Each structure stands twice: as structure tokens, then as C-alpha cells.
2 protein chains.
Amino acid sequence: MSTPGSNVSIPLPLAPSVPPFPRGVGRIPVVKVEPVIEGGAYAAQAVVGEAFPVSARVFREGHDALGARVVLTSPDGQESLYPMTQIWPAGLDIYEAWVTPDSQGRWTFRVEAFSDPWRTWLHDARIKLDGNIDEELVWGQAQQLLETFAQQTWSTDRSTSTKLKTLLKTHFADGFTSTSTTFLQELIADQDILERLERNPLCELLSPTADFPLWVDRRQALFSSWYEMFPRSQGAKKTKTGWTSGNFTSAAGRLKSIAAMGFDVVYLPPIHPIGSAFRKGKNNTLTPEPGDPGSPWAVGNKDGGHDAIHPDLGDFDSFASFVAQAKKLGMEVALDFALQASPDHPWVTSHPQWFTTRIDGTIAYAENPPKKYQDIYPINFDQDPEGIYQECLRLIEFWVDKGVTIFRVDNPHTKPLQFWAWLMAEMRLRHPDVLFLAEAFTRPEMMHGLGKIGFHQSYTYFTWRTEKWELEEYLTQLAGEMAPFYRPNFFVNTPDINPYYLQDGNQAGFAIRAILAATMSPSWGMYSGYELFEHAAVEGREEYLNSEKYEYRPRDYSATPNLTGLITSLNRLRQEHPALQSLRTIRFHDTANDQIIAYSKTAGEDRLLMVVSLNFTETQEGHLHLNYDALGLDHTKEIHVRDQLSGQEWIWGTEAYLNLYPAHPAHILVITQP
Amino acid sequence: MSTPGSNVSIPLPLAPSVPPFPRGVGRIPVVKVEPVIEGGAYAAQAVVGEAFPVSARVFREGHDALGARVVLTSPDGQESLYPMTQIWPAGLDIYEAWVTPDSQGRWTFRVEAFSDPWRTWLHDARIKLDGNIDEELVWGQAQQLLETFAQQTWSTDRSTSTKLKTLLKTHFADGFTSTSTTFLQELIADQDILERLERNPLCELLSPTADFPLWVDRRQALFSSWYEMFPRSQGAKKTKTGWTSGNFTSAAGRLKSIAAMGFDVVYLPPIHPIGSAFRKGKNNTLTPEPGDPGSPWAVGNKDGGHDAIHPDLGDFDSFASFVAQAKKLGMEVALDFALQASPDHPWVTSHPQWFTTRIDGTIAYAENPPKKYQDIYPINFDQDPEGIYQECLRLIEFWVDKGVTIFRVDNPHTKPLQFWAWLMAEMRLRHPDVLFLAEAFTRPEMMHGLGKIGFHQSYTYFTWRTEKWELEEYLTQLAGEMAPFYRPNFFVNTPDINPYYLQDGNQAGFAIRAILAATMSPSWGMYSGYELFEHAAVEGREEYLNSEKYEYRPRDYSATPNLTGLITSLNRLRQEHPALQSLRTIRFHDTANDQIIAYSKTAGEDRLLMVVSLNFTETQEGHLHLNYDALGLDHTKEIHVRDQLSGQEWIWGTEAYLNLYPAHPAHILVITQP
């Protein structure tokens, strides 16, 4: 039995500083606190300014009233209190508060339950005064409680304290009199007093839980708009003697248009030298022709490995200038981090221990029997964990030093989760601003695991969720149970995924998927060519024909028709509306039509309602039933809605008639209630 | 803010000795381990000899095979290994093993995941040999693995080791030859070798979780049959001058009949002096007549409190002799532990700090405004926790010393959960054989909480679950998610609950509920009078008319008709069939009739199927579809079923025709498959 990986010591910025010792119940029991990831082994995650729910089951013996609150502790030790409210149905004893951390770093939260003698009194007093029972006793208890309140609020809420003192002087100075009951009746109906006292509860038998870990990232970890491009294609030219590659300088010429569409992340596939051994030819063939550039994911050759730049693309200067131009346009550059090597990678000779040697002495290439991937050597993380872990950290810091702030990690699920846990923790310590997107398309537990150990964003199943029921189910999971550890990035396509839904090239279909991605998920992404409705597929597969992964593919982005206008509008709306920058507030509304999906998002007073047809060939009608509660709307008033795509405006109640057709498949409605 | 209760130091026998530090993922990730109660703050619970499932999500990077097992550690440090198997659907990565602790006390369990190079090889070899790929390499890997196996099994499984060594000598001595591929084909089809190797997996990258706490109680904590009786009624006589109370001596006369019915616990309502202040009269009136004995739950008067015996019932000698006679008949005596005081209780003067004093200086009686319960003073646990906690422990040990081995705790949900956590932990340390039944009828979270902190058994919602769907739903919860912390005791009635279902006195109805209780739950209970079909109710309420709580109620147990025969049969079957002594194996089967419920229980080869009509007035027909998998039956064979109530026998397949009528509302079938 060997356990090499377990010798690596893992720093714990994502874990609690003091592990949340599993405590028994306190005087007022609090159980099932959420969000707690794996018993507190990993921090729940949020971003600066993101509101999210903390909940728990809180209950007590007997009939006396209880209260509960969340205490949020910032990295510098400041505590904020959030009163929790009980969630329907009451029989389940669920309490909840939405909290909002306001700075980056390592926070904690706990739940505090307490006995609330004022609410106990209020409950009993209402019944007893109604029934003329024990009035003098009730009056005496009121005096005692109000005196405590007056004292407690003296330092924090002077006006309440003063008001209470006046009441005490006026109504309790002469003992219980004939007017005392009248006073009590007025007191328990006085909304102003009741609200003041509710803000300053008398907390007896205070029972705190352990402090659970919460890591807060910068806002872009949740809210970002990605554009993927191959720099070698941008400016590539076919000449008589073959192709001339595009490079950072020519690719930089495209940045302005990308920024104009409103994207804020430009993601580049690997920019390193590409192996020549077993190089793939066009359409993933094993027989490349001279001049075929190869797949950028076959990293490394004699010119260098993961810390080198493909000579065709330029050098560190031209890369720096590409990054600088992007930055000037308000965009970050995301680099691919593909931990694998071509057989020509320098590591193969310098560090053979980072690969698996087969019993015949050769290095093991990637396999999924009977398939062989001889152009790729997978890394073995167990033979020299210390060495390969440190090398990976060095590579990441190498590119951070070159201005890279985001990494899109290729196939993280084929490397040990423990390695990523270590790397994510190290990076939180060293460069908390650097973000990682996990490109894992695999079973749920691994995808969740990558999020739990610290990946900031994850690719998702979105491209395969095209029916209304499955979109609703998936988004409900993402915005609910998964939200504390898994931030979705809805890519509408990737070089690896040419979705079946889009393969007949219907332009309304492209619009629909872009609208869904951009308004359902706070992060979304697009691989270049989508705006031109590219859709030619390898027959029967979700792959692009003549895939850019294996060949140059310059495009005429000025071609019409294109989706540039819609994309620009979507990204502008995303910038303008905080509601679209959140995930956890999404709620679905009934449309009485399986092909029309309706969902809302809110952020304070910013309320958006999306109504989208999922059918790109036929007109769809429906009757919307709007859930006013989910939107925090006043039931007694109508609402004003304005479509941000068409400019149309309507006055609606809870019901509305819908009519969507392929040329206008969606409403993005701003809701106001005058 | 005051937190008196939190100063009590709580011993931790139910909690882990080393708290299960929430660990990050290991080399092979294991998450969502179950059963873990509140992150390991409380021990999962089982009884000696009880099989229960341990499960986890186990997954890894890439395509290599993994394995997982449970390691169960006994109180004396012995470890047992249980291989885990993957549960359908595979995409969820759930692994499970059923484990069985075999002694009382404080156990732990952990899950260990590992890389399984043999299964990786086997998977690849099957594909590669089929496709004539890499045969020499596959052969070389086999040699290496078999050598490791031979070495590893040398000390533990000599015959396997010898067999492997012979194979190695025969097939690998001369290198790869023309027959090597044939040998490999035979090897991967050799069931004997495969099973030997599966029993001794090559565990690489072994990744253990923390050790989670498990507390194992004596078997009776799960499996028991309770009979409740008021000793004052048994032998009570009405004379010209009023009633003469029954007592322990006269009550002991009933023990033989109770034992003959097969009960093993005799539960007595409080046997202490009864308060006279605000004593309740017949039918819970506030106007008692002279001679009314009062409610035994109004504990204490000038003759003593919780450590005294009501003079009418006898003395410590006659109590001892009652206990001894019960024991001789194979029964334990359960005493009521009702933590409350009548206004005459000695504590009221000796320890006023154990009660709440109102601002008018009087002691607070129980209230649920506008209702007042002036005959009861509730205990205040927060003013002198150290004092009242120790006094309660003293009382329990006082009665343990008198031969009491079980306590039925009255209304535990009206006392602090923290107090019970302390008491249960202390008792596990001092008297691990003493059992506690929680009489809490309240919301789920409190009922669950009482189980989590250590109550051995709990009253349930059973009396209010009369429809098929709700019985199935409730039992599925009880036998599944709740089973690690909540052991149900299905009482068919209690002095407080005269179920609506039985109030018209239909005898088939009484039979049906007894059959359900006795066969669904390993613990069940009955309050005397049930066997005589007593059903007179306070109109519109689930209360008995002329309740024995407030008056003497001698009965003629020889009256006919009665349910004694059926009850005796049920308890005999429960004793004879281990399947009926388990909860976690219950599975429901389709009957195509909402009024016929079918469920099975298994314990090894002991398989029982219950088919019960829920309708006590009409004949019910149905078609049973038997789930062979749930019963571990061979699909290719018929089964033999024998009704333990009627003696009828049938040969069945997966389908059977059912016909139940009020006079024979149920089959209790023993299944055998010859």
C-alpha cells in the first residue's frame, strides 16, 4: 500500500482556521446549518456584494418564544448581525437570513439562537388581556421587560431608549391602575414600538453554533462574460506555399470588437509550442499534412513547454502587448492550463518521474481502451507529488507575472482532486485575485468536488439542457443547493461542443440559447464563430466540421446576418442590471406552455423577468402567471413592464398573455411598480 | 444576556473521543459519509447484532478503478473490514456496505477508498485481449499484479497465495509465449481466482476518512414489546365507603397474563405520591370528589416526591417484589419519569430555585394561555442547572438501584434538549444498559433531536398514520434517514390517545392496528384495555371517556371477545423471526389496491411478508406484485409462503391474488424458496 499523495501538506485558507468542532446542541438547539460544505472541511463560497441565504433548524422546549440571527465575521474580525426569519411551513422550524459579505477573503459565519422573553410576553399578553386574565401580572412583566430594553438600547439606539424611559415614567410610576390595561392594549398595537424592540431583541440563553468558514472572492468570480478565440486564426493567411499563422499582434486587432460586444474575458486556448509526435491532422485525423498546425492542447516540443510561447504566435513582448490592449479595453485575458504533455515536451526528458513508465520502459500515453491517444502523455501526480505540485504552482505564477488573471483549466477531473485542493488553497494565499474555471464534463460528484475544493467557476451541463423542465430543474439546483460551492459559466458552444440544438443553423435557435445563457447565469461564454451562426458538424456528433482545433480558421466577422447586435444588447443589460449579475434569486413562473420558459431575477429594487420561447421554428402562445411573492411585489398594484429588446411596454397584473415568434423569441422585461 | 445552562459541562460518551476534524478530500475522494449525525457531534446509533448501511460518495480522477470499504472499530479497538459495493445508478458514485456491530458500547467507523490496480487491469485486459492489442504488455502487467497478490495474501489467505504462485511458475517462467494470451483469456474468466482476488484487493493510494462515532446499545433498545398498566386499578375495589386502591401486590397478579401474551416490558405510570392541590377529578374536571385518586402525573405531596412511593401502592418491599416477579417472567419494569411537580411536592419548599417565581412572588404553574394547569409546576432548568441536573441523575440512579431498567420519559420536549443530552451521556457512562423512551408528540425537529442526543426509543406519529400512502411514507423515513438516531415504538393506544380509527369499536380495526404495529416496528406497545376493545371516547376528541388517568378502572380481562389470542401470536412471531426484530430492511410491495398494504422484512434467510387490509368493514381484493430483489430471492424460482396466522400455504411467483376480509384482515407469510 502506498499513499504518496497524502504526504503533501496542504495549506488551509479555504478551510476553517479553527476547525468547527462538531458541537452538540446548545441551550436553544440549532441544527442543520447551511451552507456548510462537507462538515466545514471546505469554505462555503460567495463573492463581494453577493446576497446569499444562511439557514438552520432552530427549536426549543415548551412554548416560550425564540429568536435566531446570523453573525457574519469579516476577515478583520468585524461582526455583523442579520436577524433570521422563520420560513413556511412553520412546523419544519427553518430559519433563514440573507447575508452579504462586502470584502474579499476569509470570513466566518455562525447562527445564534436565543430565548426571546419579549415575544413570549407579547404572545401571552395578547391572549390574557383579551380574556381579562392576570392583567396586573402582565403589566408587571411589561415594566420589567421595558426597563431591560431601555437599559440595553441606551448605548446603541438612544431614541428608542428615551422613548421607553418616557413610557415607563408615564405608565408605571404609580403602579397598576385602572388605565394600565388600556395602556397595555395600546402598547401591543404600537407598530413603532414593536419594530424598535424587534430590532433590539432581549437575547436570553444565547446559544451560538461553531463559526463556519466562508470564502469571499472578487465579484468577477461570479459575474463574467467570456469570449474564446484562437489567436493563430485571427490574421492567418493562406498563401501558395501554405498557411501563415496569425499571432498576438494580428489577434489584438480583434480585441476592440470583442470589447464592443461587451465581453470582459478573452480566453485563449494553449499558446505553447505544439508537439509534432503523433500530431493530429485536420478533423482529428492521425495523418497530418505538412503545415497542419496541430492541436494546441498537445503541449510542448523542443521550443519549450508550459512556460513557453509558440514561436508562430509571437514572443513575451507581443503577448504582453496583447494583454495590455485587452486590459485597456476593460478585458482580462484567460489562459488555458492543460496539464498534459506532447511526447516532445521538455519534461519527458527532464522529469520522467512526472509520467508513468510502462513495464516495457516506454512512457504511457493516454488511453481509454481500445482508444489510444498517442499524442498525449498524462501526468502522474503520485510518483513525485512535491515536485510536480511545485512545478504547476510555478507555471501558474509564471503567467500571473505576465498579466494573466484567469485560468481555464483543461480536464481537471483527470487529475487528482487532492492536487487541485492544494493548488487552489496555495493560490488563495498567494494571489487571491486569480480565478480558475474548471472545464470538467463528467459525473456530478466530481464536478461538485472541484467546486468545493476551490475552483471559482465551472463549465456546466447547460448545452444539453434544452427542454423547459430540465432547464428549470437544473437552474433550481444551481441556484439552490449547489450555489455555495459551484458557480456555473454557461457556454453556448465551445470548440469541443457544437450542440445538436444548433446544428441546422437556425438563427432564432442561436438567439434563444444566447439569451438563456446570458440571463440565466451570471457568467456566460461563447466560442468565436457563434455570432456568425457557424454550425457545420461532423455527422452524428456534437463536433464542428473542420474544427479550429486542428486547422487555421480565419473569419469574416463583418459578414451578415450575424448575432453581434443581440450579443451586445445582452452584455449591456447584464452590466446595467444587478439582477442579472446574481444567480441565487432566480425563480420560475408558470406560462401554461411547455415551450415558453419564464424566470425572474432580483437585486433589491432591480427586477427582471425573462420570457423565452424554446421553439425556433413556430410561434408560441401562453398565459403567464406571475408569482408576485417571488418578486417581492405588492399584490394590490399592477406592474409596469418594459421589454429591453423591443422597447415595448405593458401594464400587467399577475396574469399576462404571451406571444413569441422566431424573429422575436424573447422578452427581457424590467418590472417597476409605481 | 445570561447563559446559565451553557456552564454545565457535558460528558461526551455519545460524541467522538477525537472529534472528527472535518477533513478535506484524500487522494481518492470520499464525501457525504452516512450515517453522520450533525457533522459527528452525536454518535450514529445501532444495537448489538443490527445490520445497517454505511454509505458514501466515492469517485476519482480519470478512468482507473477504485474500491471502497467500511472499517468498523469496536470499543476494544478491533477493526473489521466490509467491502462496499456501488449502488445504482452508477452516475451518482454511491458506495454502500451493511455492517453489524456485535457488542455494546462506543464504536467508530470510517470509509477507506483506494485505487484498485487489479480491477483497472481487468477492465483494460478484457478490451485489449479481445482486440489483440498490447498482449505482451497486458501479460507483463498481470505477472506484476499476481506477484503482488501472492505476496500480500501469504499471511492471510495461504491457499490463494499458493494457487497464485503455481500460476506464476507455470505461465510466467518462460516469458511471453504463444500460449500466454490464451492463459490470460482463461485467467479473466476464472471465477474462483477473481473471487479470491476481490477478497484481497490491492489497495493503492489508501484514503481513509475520519473515524465517525457509533454507539451500540443492547438489543432491547430496538426490539421490545410494551404493556402499560396502572397498578392502582389492578385489584381496586369499590366498597360502600369508596374505592380501595389496587397496589403492587395485587397488580403483580396480572403479570403472568401479560407475560403469557408475550410482552417483555411492563410500563407503569408514575408511582409517586399525588398532589392534592388543584387535583383533577374524573374526566379531567377541576372539581374532584373526595376519594378521587388524582392524576399520577401530578407528582409529589407531603409523603414525598419523585423518590417516594404512593402509600396506596405499597412500599419499597412490595415494589421490589413486583419487579422481581416481572423479571422472573422475562419482563423488565419501565417507570415513568415525569419531571414536574404538584404544588405539594417537597421541592417547592426545599428547592424553590428549581421553579420559576413570578413577579408577584408566587411560583409559576404550567400555562398555555389562556389555559392554566394549576396542578402542575414546571421545572426551571436554567436557575440552578448544576443542582437540578444532579438531582435528576440521582433520581434515575435511585430507581435503577431498585431494579428499574427502563424509563418512559414524560414530555421530554418541554425540558431543555441540552439537559437530556447531558443526562443521556452520563447514563451511557454509568449505566449503559438503562434505556429511555421519549414521550414527545411534537414537531419533527424536536423529536429527531431527542433521538440524536441519545434517547433509545421514541413514541411516533403511528396512531395518526392510517392511510396506506402515509404509512409507506412514514415507515420509509423511519427505516431510512431517521434510523441512525430515532428508534420508533409503535403504541396502538395510550391513556392519552384513543385513536379515532378505533372509536367505533370495530374488532377488525383493533386487530389491523395491532398487526401493523407489531410487524412494522421492532418495538410496539399497548395500553391495557386495548385487548378488550375499549373505545368509549370523549366526544370529538381522541381521549378516553372516564379516563384511567383520573379514576380507578379495574377490568375483567377474561371477558370475551378479546384480542389476547392475536396479541399472543404476534408477540410469538416477533420472538421467532429475526426479520420482525429489524426496522431497516422494510420494503413495500405493490398490491394494486389502496386499502391493502404489503411489506416485507428480512434478516438473512428469514423472510417475512405482511399483507394487511386497512379496511375493517369490507372485503378487499388485490394483485400483489412482489419485489424479488428487495427480498433477495432467486428470480428463476417460485416461492413457498405460509400464513402464520391461518396456517394456509401457497406457491407463488412474483404475482399473487389477494383476498382479505374483516374476520381475517391480514397474512403474515413466511417465505421460503426451496
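Residues numbered from 1 in each chain as written. Chains lettered and ligands numbered in written order. Predicted model: local features only at pLDDT ≥ 70, side-chain atom pairs only at ≥ 80, totals over all residues. Heavy atoms only, no water.

1. Description of the interface of chain B and chain A
Counting residues at the interface gives 67 residues for chain B, matched by 67 residues for chain A. For the chain B and chain A pair, buried surface summed over both sides reaches about 5600 Å², with 64% attributable to carbon and sulfur atoms. Between chain B and chain A we count 12 salt bridges in total. The partner of B:Asp134 in a salt bridge is A:Lys372, with the nearest N and O atoms 3.1 Å apart. Seen at the junction of chain B and chain A, the total is 18 residue pairs in polar contact (both at pLDDT 80 or more). Among the secondary structure elements, those contributing two or more residues to the side of chain B that touches chain A are strand 1 (30–34), helix 1 (117–130), helix 2 (135–153), strand 9 (204–208), strand 17 (366–368), helix 11 (417–430) and helix 12 (444–452) of chain B. For the side of chain B that touches chain A, the residue count by class is 29 nonpolar, 16 polar and 22 charged. (Contact = heavy atoms within 4.5 Å. Buried area = accessible area lost by both parts, 1.4 Å probe. Salt bridge = Lys/Arg side-chain N within 4 Å of Asp/Glu carboxyl O. Polar contact = N/O pair within 3.5 Å; in protein donor to acceptor, adjacent residues only side chain to side chain. Helix = DSSP H or I, 4+ residues; strand = E, 2+ residues; numbered from the N terminus. Nonpolar A, V, L, I, M, F, W, Y, C, P; charged D, E, K, R; others polar.)

2. Topic: the confidence of the model for chain A
Residue and element names in this part refer to chain A. Taken over all residues, the pLDDT of chain A has a mean of 95, while the share at 70 or more is 97%. Below pLDDT 50 for its whole length, residues 1–8 participates in 19 contacts with residues either more than four positions away or in separate chains. Predicted as a complex, the structure gets a pTM of 0.95 and an ipTM equal to 0.94. (pLDDT = per-residue confidence, 0-100.)

3. Things to note about the side chain of A:His413
Relative to the helices and strands, A:His413 resides in the loop between strand 20 (406–410) and helix 11 (417–430). Beyond its immediate sequence surroundings of up to four residues, A:His413 is in contact with A:Glu439, A:Ala440, A:Phe441, A:Thr442, A:Met446, A:Leu450, B:Arg60, B:Glu61 and B:Gly62.

4. Here we look at the relation of the copies chain B and chain A
Overlaying chain B on chain A yields an RMSD of 0.1 Å, the required transformation being a rotation through 180 degrees with an accompanying axial translation of 0.0 Å. These values place the two chain copies in the arrangement generated by a two-fold rotation axis. Judged by C-alpha distance, B:Gly39 is the residue of chain B that lies nearest the rotation axis, at 2.6 Å. Looking at chain B, 100% of its interface residues are interface residues in chain A too, so the copies touch through the same face. (Least-squares fit on C-alpha atoms with pLDDT ≥ 70 in both.)

5. With respect to the sheet that holds strand 3 (residues 52–58) of chain B
Residue and element names in this part refer to chain B. Spatially, the four strands line up as an open sheet ordered 1-3-7-6, and their pairing is antiparallel. Edge positions in the open sheet fall to strand 1 and strand 6 (85–86), since each of these has one partner strand only. As judged from the two bridges shared by strand 6 and strand 7 (residues 94–99), these two strands associate in the antiparallel manner. Following the sheet pairing, Thr85 is matched in strand 7 by Glu96. (Pairing = 2+ DSSP bridges.)

6. Some details on helix 12 (residues 444–452) of chain A
All names here are of chain A. The element helix 12 is largely enclosed, with a buried count of eight among its nine residues. Here helix 12 has its buried residues at Glu445, Met446, Met447, His448, Gly449, Leu450, Gly451 and Lys452. At the exit of helix 12 stands Gly454, carrying a positive phi of roughly 130 degrees. (Buried < 20%, exposed > 50% of the residue type's maximum accessible area, 1.4 Å probe, protein only.)

7. What about the packing of helix 1 of chain B against helix 4 (residues 180–187) of chain B?
Two quantities define a packed helix pair, namely the angle between the axes and the distance from one axis to the other. All names here are of chain B. Here helix 1 crosses helix 4 at 125 degrees, and the two axes come no closer than 11 Å. For the element pair helix 1 / helix 4, the angle class is oblique. Seen along the crossing, helix 1 lies across helix 4 with a hand that is left-handed. Between helix 1 and helix 4, the residues in contact are Trp118, Trp121, Leu129 and Asp130 and Thr181, Leu184, Gln185 and Leu187, respectively. (Axes fitted to C-alpha atoms, helices over the stretch in contact; angles between N-to-C directions. Parallel < 35°, antiparallel > 145°, perpendicular 65-115°, else oblique. Left-handed = near helix turned anticlockwise from the far one by under 90°.)

8. Thoughts on the sheet that holds strand 15 (residues 332–337) of chain A
Residues and elements named next belong to chain A. The eight strands lie next to each other as 22-21-20-15-14-11-24-23, forming an open sheet whose pairing is parallel. Whereas interior strands pair on both sides, the edge strands pair on one side only; in this sheet they are strand 22 (457–458) and strand 23 (489–491). Across the sheet, helix 8 (residues 316–328) is in contact with strand 14 (265–268) and strand 15; its angle to strand 15 comes to roughly 130 degrees. The strands that helix 10 (residues 385–401) touches are strand 15, strand 20 and strand 21 (435–439); relative to strand 15, the one it contacts most, it runs at about 155 degrees.

9. Examining the pattern of salt bridges
Residues and elements named next belong to chain B. Under the definition given, this model contains 83 salt bridges over all chains. In this structure, the salt-bridge partner of Arg254 is Glu531, at a minimum N-O distance of 2.9 Å. In this pair, Arg254 is assigned in the loop between helix 6 (248–252) and helix 7 (255–260) and Glu531 in the loop between strand 24 (523–527) and helix 15 (564–576), connecting sequence segments 277 residues apart. The residues Arg254 and Glu531 share a single accessibility class, namely buried. For Glu605, the salt bridge is made with Arg607, and the minimal N-O distance between the two is 3.6 Å. You can call Glu605 exposed: its relative accessible area is 65%.

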